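# Structure at a glance
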Amino acid sequence: MIDFPRRHRVPYHGRFRIGEFDTGPPKGSGTETRLENELKQSVDRLDELQRKLFADQRHALLAVFQAMDAAGKDSTIRKVFSGVNPAGFRVHAFGRPSELELRHDFLQRVAARLPERGKIGIFNRSHYEEVLVVRVHPGALAAQNLPEAGGKGFWEARFDSIREFERHLARNGTVVVKFWLNVSRNEQKKRLLERIEDPEKNWKFRLGDLDDRALWDDYQAAYEAMLRATSRPYAPWYAIPADDKDYMRATVARILVETLECMDPRYPRLRAAQRRELQQGRRRLLAE
Ligand code: ADP
């Protein structure tokens, strides 16, 4: 099992309140320039590590991103992976399920988009929407037409499914690491207002986002239950303070670097036959 980095990792014991996690960076976390430099170093290192991950062909890495609107999922993904070979990673954004997806079990569409060995998969929203938006909006659950929707133990059973799914992935070489970008209610308001005031951001604004904002407390309760039930040693959650974007990005990048370093990807050792081939190749090329 991977010895996941500790900073900002959500405890595995499940006894905490969501309000205990910081939305702002810790004191002394550095100036904007320092954080930008740190991000840059991690971005380069991620590229190196991904190449080894590919050569090694033992593991895949799945990074899950969940957050309230305007927490900065998209820009974090864009910046953190900006240096990685585009052939080495793939981002999937999960929106409202289609009619067909609704007729499948809730893990089907995520299972179909998992990264293969050697690759990094990024989920912008994920199966966790199934215990967040679906929990907060009863209509979303009704649309799934399940035999025992919302009954006693329903959400616990859903957490069980998720834990088992992720444990199965871990056993089979997919390292799962999950980021909750923890933005404060005030900062969200500021960013949503910016979307209204700044013409270049207008396209991002949806009135519906305010309906979700109005359900802030319900969402916090759903996040709390989810974090408690699903931060586990084989697939931890990280609570990333999201009010300062530079800190958030540098921190996500560093955690990914440290996780990949723990996975210890290596270039494969050459077998004797391959070594002979290299020698033959050298002789032939030099003889031309
Ligand atoms: P984003 O807000 O991530 O930029 P969109 O604006 O396309 O992306 O929003 C996607 C929407 O789809 C979100 O409101 C999200 O809650 C919703 N969604 C995602 N997964 C599910 C699901 N399984 N069931 C219902 N709604 C979902």
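Quick summary incoming for the structure in this document. (Residues numbered from 1 in each chain as written. Predicted model: local features only at pLDDT ≥ 70, side-chain atom pairs only at ≥ 80, totals over all residues.)

### Examining the overall build of the chain
Helix and strand content of the chain: twelve helices and five strands. Summarising its shape, the C-alpha atoms of the chain cover approximately 75 × 50 × 40 Å along the three principal directions. Split into buried and exposed, the 288 residues of the chain put 31% on the buried side. In the chain, once contacts between residues fewer than 6 apart in sequence are set aside, the share between residues at least 24 apart is 86%. (Helix = DSSP H or I, 4+ residues; strand = E, 2+ residues; numbered from the N terminus. Buried ≥ 20, exposed ≤ 12 C-beta atoms within 10 Å, placed from the backbone. Contact = placed C-beta atoms within 7 Å.)

### Comments concerning the nonpolar core
Ranked by size, the top nonpolar core spans 55 residues in total, and within it Ala63, Phe179, Trp180, Leu181, Ile240, Ala253 and Leu256 carry the most contacts. For this core, the secondary structure elements donating two or more residues are helix 1 (32-56), strand 1 (60-67), helix 2 (73-80), strand 3 (120-124), strand 4 (174-182), helix 10 (216-230), strand 5 (237-241) and helix 11 (245-263). If you tally residues by element for this core, the top one is helix 11, at nine residues. In this structure Ala253 touches Leu39, Ser42, Val43, Leu46 and Val80, once residues within four positions along its chain are discounted. (Core = buried A, V, L, I, M, F, W, Y, C linked by C-beta atoms within 7 Å.)

### Remarks on helix 11
Taking 1.5 Å of rise per residue, the 19 residues of helix 11 would be expected to cover 27 Å, and the 27 Å separating its terminal C-alpha atoms lies within 8% of that figure. A positive backbone phi angle near 50 degrees is found at Asp264, which sits one or two residues after helix 11. (Expected span 1.5 Å × (residues − 1).)

### Some remarks on the pairing of strand 5
Strand 5 sits mainly inside the fold: five of its five residues count as buried. In strand 5, alternate side chains face the same way, and those of Trp237, Ala239 and Pro241 on one face and Tyr238 and Ile240 on the other are all buried.

### What about the site of the ligand?
With respect to spatial proximity, the complete set of residues near the ligand consists of Asp69, Phe94, Gly95, Arg96, Pro97, Arg125, Glu129, Glu130, Val133, Val134 and Ala140. Of the residues assigned to the shell around the ligand, the class counts are five nonpolar, one polar and five charged. (Near = placed C-beta within 6 Å. Nonpolar A, V, L, I, M, F, W, Y, C, P; charged D, E, K, R; others polar.)

### Considering the pairing of strand 1
Within strand 1, eight of the eight residues are buried, leaving the element largely enclosed by the surrounding structure. Covered by surrounding structure in strand 1 are Ala60, Leu62, Val64 and Gln66 together with Leu61, Ala63, Phe65 and Ala67, the residues of both alternating faces. Of the strand pairs in this sheet, strand 1 and strand 3 are connected by five bridges, and their pairing is parallel. Each residue of the ladder has a partner; that of Leu61, found in strand 3, is Ile120. (Pairing = 2+ DSSP bridges.)

### Details of the sheet that holds strand 5
Pairing within the open sheet is parallel, and its five strands lie in the order 2-3-1-4-5. Pairing within the sheet leaves two strands with one partner each, and these edge strands are strand 2 (89-93) and strand 5. When the angles between neighbouring strand axes are averaged without regard to direction, this sheet yields 20 degrees. Direction of pairing for strand 2 relative to strand 3: parallel, over a ladder of five bridges. In the strand pairing of strand 3, Val91 is matched with Ile122. (Axes fitted to C-alpha atoms, helices over the stretch in contact; angles between N-to-C directions.)

### What about the environment of Val84?
Turning to its location among the elements, Val84 is positioned in the loop between helix 2 and strand 2. A count of 19 C-beta atoms within 10 Å places Val84 in the partly exposed class. With 36 residues separating them in the primary sequence, Val84 and Glu48 have C-alpha atoms 8.1 Å apart. Beyond its immediate sequence surroundings of up to four residues, Val84 is in contact with Leu46, Asp47, Gln50, Phe89 and Ile120.

### Describing helix 1
Along its 25 residues, helix 1 runs 36 Å from first to last C-alpha, staying within 8% of the 36 Å computed at 1.5 Å per residue. All of the buried residues along helix 1 are Leu35, Leu39, Ser42, Val43, Leu46, Leu49, Gln50 and Leu53. Against the buried residues of helix 1 lie strand 1, helix 2, strand 2, strand 3 and helix 11. Downstream of helix 1 by one or two residues, Gln57 has phi in the positive range, about 55 degrees.

### Considering the environment of Gly173
Structurally, Gly173 is set in the loop between helix 7 (154-171) and strand 4. Classification of Gly173 as partly exposed rests on a count of 13 C-beta atoms within 10 Å. Remark: the alpha-carbon pair of Gly173 and Pro199, spanning 26 residues in sequence, is separated by 45 Å.

### Points about the packing of helix 2 against helix 11
Taken N-terminus to C-terminus, the directions of helix 2 and helix 11 make an angle of 55 degrees; their axes are 10 Å apart at the nearest point. Considered as vectors, helix 2 and helix 11 are oriented oblique to each other. Remark: the crossing between helix 2 and helix 11 carries right-handed chirality. Side by side, helix 2 and helix 11 meet where Ser75, Thr76, Lys79 and Val80 of the first sit next to Lys245, Met248, Arg249, Val252, Ala253 and Leu256 of the second. Within the contact of helix 2 with helix 11, the residues separate by chemical class into five nonpolar, two polar and three charged. (Parallel < 35°, antiparallel > 145°, perpendicular 65-115°, else oblique. Left-handed = near helix turned anticlockwise from the far one by under 90°.)

### Focus on unusual backbone geometry
The backbone of His8 sits at a positive phi, close to 70 degrees, despite the residue not being glycine. Judged by local crowding, His8 falls into the buried class, with 21 C-beta atoms found within 10 Å. The backbone phi angle of Asn145 is positive, close to 55 degrees, even though this residue is not glycine. Here Asn145 lies in the loop between helix 6 (138-142) and helix 7. A count of 9 C-beta atoms within 10 Å places Asn145 in the exposed class.

Note that every value here comes from positions in space, so none of it alone points to a role or purpose.
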